[in-house]
Each structure stands twice: as structure tokens, then as C-alpha cells.
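Survey of secondary and tertiary structure
Residues per chain, in single letters:
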Amino acid sequence: MKVLKFGGSSVANPAAIKQVINIIEANNIENQIVVVSALGGVTDLLLKVAQLARQKDKKYLVLIEEIKNKHSEIIDTLIKPENQKEIFSKLEKLFSNLTDVLEGVFKVNELTSKTSDKIVSNGELASSLLLTAILNENKLQASWKNSKELIKTNSAFGNAKVDFNLSNENIHNFFAHSKSKITVLPGFVASNKSNETTTLGRGGSDYTAAIFAAALNVDELEIWTDVNGMFTANPKIVKQAFSIKKMTYQEAMEMSHFGAKVLYPPSIQPVLRKEIPILIKNTFKPKAKGTLISSESTTNNSIKGISHIENISLLTLEGGGLIGIPGIAQRFFGALANKNINISLITQASSEHSICIAINSADVKAAVNAIHNEFQLEISQHSIQEVLVDENNAIIALVGANMKNHQGISGKLFSTLGNNNVNIKAIAQGASEKNISAVITHKDIKKALNTVHSTFFEDQIQQLNLFIVGVGNVGGKLLQQIKNQQQYLLDNLKMQVRVIALTNSKKMLFTEDGVDLNNWKENLDEAEQPLDLEKFYLKVKQLNYRNSIFVDNTANETIANLYAGYLKENIAVVTCNKIACSSSYSNYSTLKKLSREYNAPFLFETNVGAGLPIIDTLKNLIASGDKVTKIQAVLSGSLNFIFNNFNEENSFYEVVKQAGVEGYTEPDPRIDLSGVDVMRKILILARESGTILELEDIKNQSFLPESSLKAVSVSDFMETLKKESEHFNKLQKNASKNNCRLKYVAEFDKGQANVGLKEVDFNHPFYNLDGKDNIVLFYTERYKEQPLIIKGAGAGADVTASGLFADIIRIGNN
């Protein structure tokens, strides 16, 4: 004998019911007991119908017709017209009685729990009658029995308690005389000793099936639903979640209690006592193995799953009047029990100064009133404070029967949450150590579940979620590099890099599962959202993805001013935009402080030297205890390109124009030629070496003539380069005469910094610096006479993009 229970999704429509018929037919056993829920969505409709009738809203009549039509459509599809009369007659009688009850509710404007049970039970009664008729249509010899005639309860309408002695006796007596091969029963419904309809609580069809399975001591209880068993986490939130092959009854109860909706928690109790296995299967993928729940767990993994409960509020009672007073806890919990308020989590300080509980947010008002009434005297005497309420929370729970045999699990859980800026408000762990529960802010659910799942269940694959602003030269190259390397990073570094959002100067595009990098340009062009940096920030914040990284590929001051907001939300910032780090020292140090405080990396390697590891090398020198005494550098790839190509054959104007065409200068070349860009770079290096310095402290020895400095537009500036050709030719001739080459040099020495055009002779490391290369000489206490030299390409979209990409990968590796 076998008991099968089919949930609402399994009987939601004709196609689903055909699957159910196939499953029952495939079971080649003597006796099958089939317990069925209401058709998908019908229970909610019945609850709504009842409320509308109570509110004297005649729309309830429309919803009754909708419920009837749901059943009629299935009959018309799955039962031949000549065989429909009997089932239509039975359902018509059922719905006629339902209408009579609702008319009574409408007239008296009252809906009791007793009446509500009468109304809502019709869902399971109708679906079970319907399934019986369809089975018989398919020549499967099924009979129908009303569960309320067998399962007896007390009169706690809405969530009745089962009388197992009487129920088991009824079940035994009925099936001892039953000759039916297939018996179909409605789930959820029962009756008290007066034969009044009661229900077993929401999700009680699982419980019904378990009661029959335990009473008849069957070999196995099968729960058929719309997923492949119990998952390691909610697959709608955690995409990497997978079904659990085997788990113990205790683990299943913990998972169910903390929000895993596949199984109704009380349903485990009856079969647990008899050690009857429960197999959870997918109606729509019947060949999938599903989850087997039994007394044995074969996996070596100490953690079985992560579950969560939403809509949680924390209530805290505290005060000196709690300390050392016997019976306080009894009064506190008794007051809540008297109002039928369920407590999800309890924690109490060892000082006895406070008691904290987590309850459903819907119960907050009733709970606060109950506690205040119970402790009215103590509150009036100020020995106990009024209840503190903290709303908009959730509970996450790590579940596993073997946790007690493994050290460090709680530390691993809490550090994972902390590293992702998920604040833990309360913690609870039972002595049995089957679960560790933590209360967190509701908005952090998705991030918390994904990060914890990644830590405990995944092959340590680090998922990085990028929000990229600016897709021009550098941004476009970065996207190409990410696309080319995605598979390599996944295979070799266990790193999944996803681009979640993109912006250009006009539009922004969000794709929550990741932008398709094969056609990002087309998708961004077709995006409907205009660029709004504030809305972009709010969306990134709302998504609250783990390992979120804001990538700035612009030179925009407004965007640079947004970094602090991102860092405060534990969102890393990677940028080639020099404005933030070369702004006021107070802003620079604030950003560095926020990065440390919120554990959000702030990386700007490409601020100096594009893809060269200049800043990273400097950080390592400082971190290892070395001290920088002097820096000499050529930090402008564009200026180096210009002066390397400026000679008697190529005018200064022509070379600057060529540099712009090849992308070595900004669209406004004054930014490069004025020396301000180099000033920003040496300022950043000075600050990273530990010196407090402002941009205006740096001496800029400009090589530009006065007319160029005063030019009001790019075209005017370029025109001055033609007119002042003699000035530039003179600079070049003097250098050539002295057997030197012109280099735009930045220096930092003894706390002072300067930038300017210099003649360097052939003995200097700068002399043979070709093309657009950069070079940095670090003189330190360890590198006193022979400096540490970093040299290479220091300009260009490709190398800048690779520097940004390296920073992104660095975050993933850490």
C-alpha cells in the first residue's frame, strides 16, 4: 500500500491532471491512497469569496462562478460528454451548499472560524471528486471517501488538533473493508465529534496524507509537487540551489519551519514516529529523483540547506525589573500564548536584562498589547520599559543534523554575512545544533541567501556583479575583455563575472540575470530608461547583490561624487576616473575610510599608468614597512607620445592632432597639455605613500605659451599651437642641442611635488622611454640608490580596460 499526495499545482489544469493520472497508473501496486489539494488557486479564491460576502460585496457571486468554471473546463477537457452528468451533479450540489453558506455570511455580516472552515473545505472536496471521476474515465477503478468522516479533531476551527486514537481507528476500520484499488480523499479537511467541518491548517493536505500513511503503516509516503524535492535554498532567489537527495526527518522539519514551502511542518510528525520514508517528487518531472526523507542521512555535508522566513518583527522587553525575578519568562510567553501568537525565535541576554523574540509582523499589534497588559504594573513603575519593536526583518536558518560534529560553522556563517555588510540583529541556536538562525534586515534576504549558499554549497564560485557607467573607448574594451575571459575565469579561477547594468551618456540598461555581452550595444540603444544617476544608484542599492562592483569608466566629476554612497552600501568601486582621488584630501581620506568601514574595496589602479601595477606596487611597499623617500615619473602616455614624435619633420600642432586621432589625448587636449592630469597622478602617488597633500600644493611649470593657456575653446587652443610653432620648435631645438630628449616629468621629494617639461640626457632612465609608455622610479629606504622601476604602456583604451579588469579580478580573489 502507498499514499500519494498531490498539491494544488499538480491539479491546476487539464495538462497537470493528465500527469497525475499517468503517475497513478504507473504505480503497479495493489492499493493506492491518493490525497489531493484544491485546484491551484482555488483556496485563495474561497478565502476571498468569504471576505467579500462578509463585507456585503456581491462580487463574491462572480468569484463563485469563476471557481465553478475552473472545474467545468477540466471536466469538458478530460471527461467525455456522455460521462459528465454524474460529476456535474455532485459538484452542483457541493457549490449549491457553498452558496447557501455564503448567503448566510452576507446576510448576517459575520464570518466565524467555524463558517470559514465550511467554506474553504469545498476546494479539496471538489478537486477530490473531480479527480475520482477522471480516474474512472481512464478505467482506473477509483472510489471517493470524505476524509472528514475518518479524521477526527477538536473544535479549534482553522487549525484543529487531531485525535489520533479515534482517527486511526476510523481509518483502520474503513480500509479493512475497502476493496477499492484506488481511494481518493480530500486533503486538509476533518471534523469534530459533532461532525462539524474542521480544517488542519494551511498546507494541511500534507498532514492528511501523513495521518493516513502512519495509520496504515504504509511503505512510503509520496508528496507530489511542482519542484524536484527540497532544495538547498529557495531556487527562485538562489539560482544555484539544487535539490537535496536525502535528509533526515529532523532536518526536513527545520527546513519546513523556516520557510521551505515544499512540505507542511506538522506532516512529518505522524510518519516520523513510524519511521515511514517521505519521498518528495515533481509531478511534471516524474523521473527526477526528488528528495527522500527518512531516519538516515548519507551525505557527508554537515549543512543540508538554508531556509528563511520573511515579514518578521523583533520585540524586545528589557529593564532592571527582569533580573533575578522568577516567573518573568512564564508570564511573558504565557501572555503571547493566550493570544495564539507563534514565536519563531527567542534569545535572552545572560544578564537577564532583556528578552527578545521574533514573530510574524502581522501579530505585532496584538503581541505588544498582550505584553503591555501583562506587565502594566512594572511598566508604570519604570522597572520594565515598554516593548521595543523592530520591523521589516527576516530570519535565515542554516540547517543540518551533523552541524554539532563540525567546528567553525557558526563563525563561517557570521563572517560570510559580515563580509557582505549584512547586519545580524539576533541569533539563536538550539542545544541540538540542528540549525543556526539569524535575524537580518528584510532588504538583505537575497544577498544573504546567495552569499551563504555560495559559502556552504557551491564549488567556491565567486560571483561578481558589475554595474558599469560609461561604455565609450575604455568601457567598450572592458566589456569585450570580460566577454572573452568569462569562461576562463569560471573554469580556472572559479569566478563568475556578470554585467548587471550599463549606461552611456543618454540611457541605462538593467538586466538582473546579466547583460548578454554579445549584443550589449543593441540592447543599450533599445533601452527605454533615460540615464538618471540617482535612479541608477537606487536600483543598484535595491538589487542588493552580493559582490556588487560599481565601475566608473568616465572622467565625470558628478559620477565621482557618488562613490561615497556606493561604498556605504557595501558596493565596491573600481574607477579610472582620477577626480575623486585627486579632489580634496578630506574627500580622498573619507572614501578610503568608508572602504575600510563597510568592507567595500575602493580600487583605482588605472588612475596612474593605465594598466601598469604602479599603485598596487606602492601599496605593497608601504604595507611591508618600507617608506617612500622620492618619486620620479613620466606619467602621461599622451605627452610622452607627443614629445617622442615631435621633431623637425613633424610640427607640434600636427603631433598633438595625431595623438587625438589615435585616442592618446582627451577630446579636449588642454587637459593633457596643461599638466593638470599629471598633477593629479603625482598627487595620488604622494597620498598613497602617506603624505597629506592638496592639488594646489603642486608646482606646475607649464611649457605652454600664454596664448595657449588663455584659449577659451579647443579650436582656439589648437590654433594657438600653429601660431606659437616657433615657441615649441625652440624647446625641441634646445633639447637636441644638449643631446637631450624632452620629457614631461613629475617629481615628489621631501613632501613637495612638481610637474614640468624637462630635458633628460641619455644616462637617465627616462631617455629611451618610447611611444606612449610611462615610467615610475620609486626611491625608498630599501631602494635607496637603485630605484624600483615600473615601465610600460601608460595610455590607450586597451591597457586602461585591462587595468580596470585586473582590479575587478582582484576583488574576486579577495
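Structural notes, computed from the coordinates.

Interhelical geometry of helix 14 (residues 409–419) versus helix 15 (residues 445–456) gives an angle of 135° and a closest axis separation of 9 Å. Considering their axes alone, helix 14 and helix 15 lie oblique with respect to each other. For the pair helix 14 and helix 15, the crossing hand works out as right-handed. Taken together, the residues of helix 15 that come into contact with helix 14 (itself represented by Ile409, Lys412, Leu413, Thr416 and Leu417) are Ala448, Thr451, Val452, Thr455 and Phe456. Looking at the contact of helix 14 with helix 15 residue by residue, the class counts come to six nonpolar, three polar and one charged.

Relative to the helices and strands, Arg680 resides in helix 26 (residues 676–688). We classify Arg680 as partly exposed; its relative accessible area is 22%. In this structure, the C-alpha to C-alpha distance between Arg680 and Lys59, residues 621 residues apart in sequence, is 70 Å. Not counting chain neighbours up to four residues away, the residues in contact with Arg680 comprise Lys578, Ile579, Ser582 and Leu695.

Attention now moves to the environment of Arg331. As for its placement among the helices and strands, Arg331 is situated in helix 11 (residues 328–337). Each C-alpha atom, one on Arg331 and one on Glu374, is 7.2 Å from the other, the two residues being 43 residues apart in sequence. Setting aside chain neighbours within four positions, we find Arg331 in contact with Glu374, Phe375 and Glu378. Only 2.8 Å separates the side chain of Arg331 from the side chain of Glu378, close enough to count as a polar contact.

To continue, consider the packing of aromatic side chains. What characterises a pair of aromatic rings is the spacing of the ring centres plus the angle enclosed by the ring planes. Going through the model one piece at a time under the given rule, you end up with 22 aromatic pairs. Between the aromatic rings of Phe510 and Phe536, the centroid separation amounts to 5.1 Å while the plane-to-plane angle is 45°, which identifies the pairing as tilted. Residue Phe510 is located in strand 19 (residues 508–510), and its partner Phe536 is located in helix 18 (residues 533–543); the two are separated by 26 residues in the primary sequence. Among the residues examined, Phe510 registers a relative accessible area of 16% and is labelled buried. Seen in terms of ring centroids, Phe641 and Tyr664 are 4.6 Å apart; in terms of plane orientation they differ by 55°. Their pairing is tilted. Of this pair, Phe641 sits in helix 23 (residues 637–645) while Tyr664 sits in the loop between helix 24 (652–661) and helix 25 (670–673), placing them 23 residues apart in sequence. Grouping residues by exposure puts Phe641 and Tyr664 together as buried. Of the aromatic side chains, those joined through ring pairs into one cluster are Phe467, Phe510, Phe536, Tyr537, Phe550, Tyr563, Tyr566, Phe602 and Phe604. Above the ring of Tyr545, the side-chain terminus of Arg498 is found at 5.4 Å from the ring centroid.

Scoring rules and cut-offs
Residues numbered from 1 in each chain as written. Predicted model: local features only at pLDDT ≥ 70, side-chain atom pairs only at ≥ 80, totals over all residues. Heavy atoms only, no water. Axes fitted to C-alpha atoms, helices over the stretch in contact; angles between N-to-C directions. Helix = DSSP H or I, 4+ residues; strand = E, 2+ residues; numbered from the N terminus. Parallel < 35°, antiparallel > 145°, perpendicular 65-115°, else oblique. Left-handed = near helix turned anticlockwise from the far one by under 90°. Contact = heavy atoms within 4.5 Å. Nonpolar A, V, L, I, M, F, W, Y, C, P; charged D, E, K, R; others polar. Buried < 20%, exposed > 50% of the residue type's maximum accessible area, 1.4 Å probe, protein only. Polar contact = N/O pair within 3.5 Å; in protein donor to acceptor, adjacent residues only side chain to side chain. Phe/Tyr/Trp six-rings, centres within 6.5 Å; stacked < 30°, edge-to-face > 60°. Lys NZ or Arg CZ within 6 Å of the ring centre and 35° of its normal.

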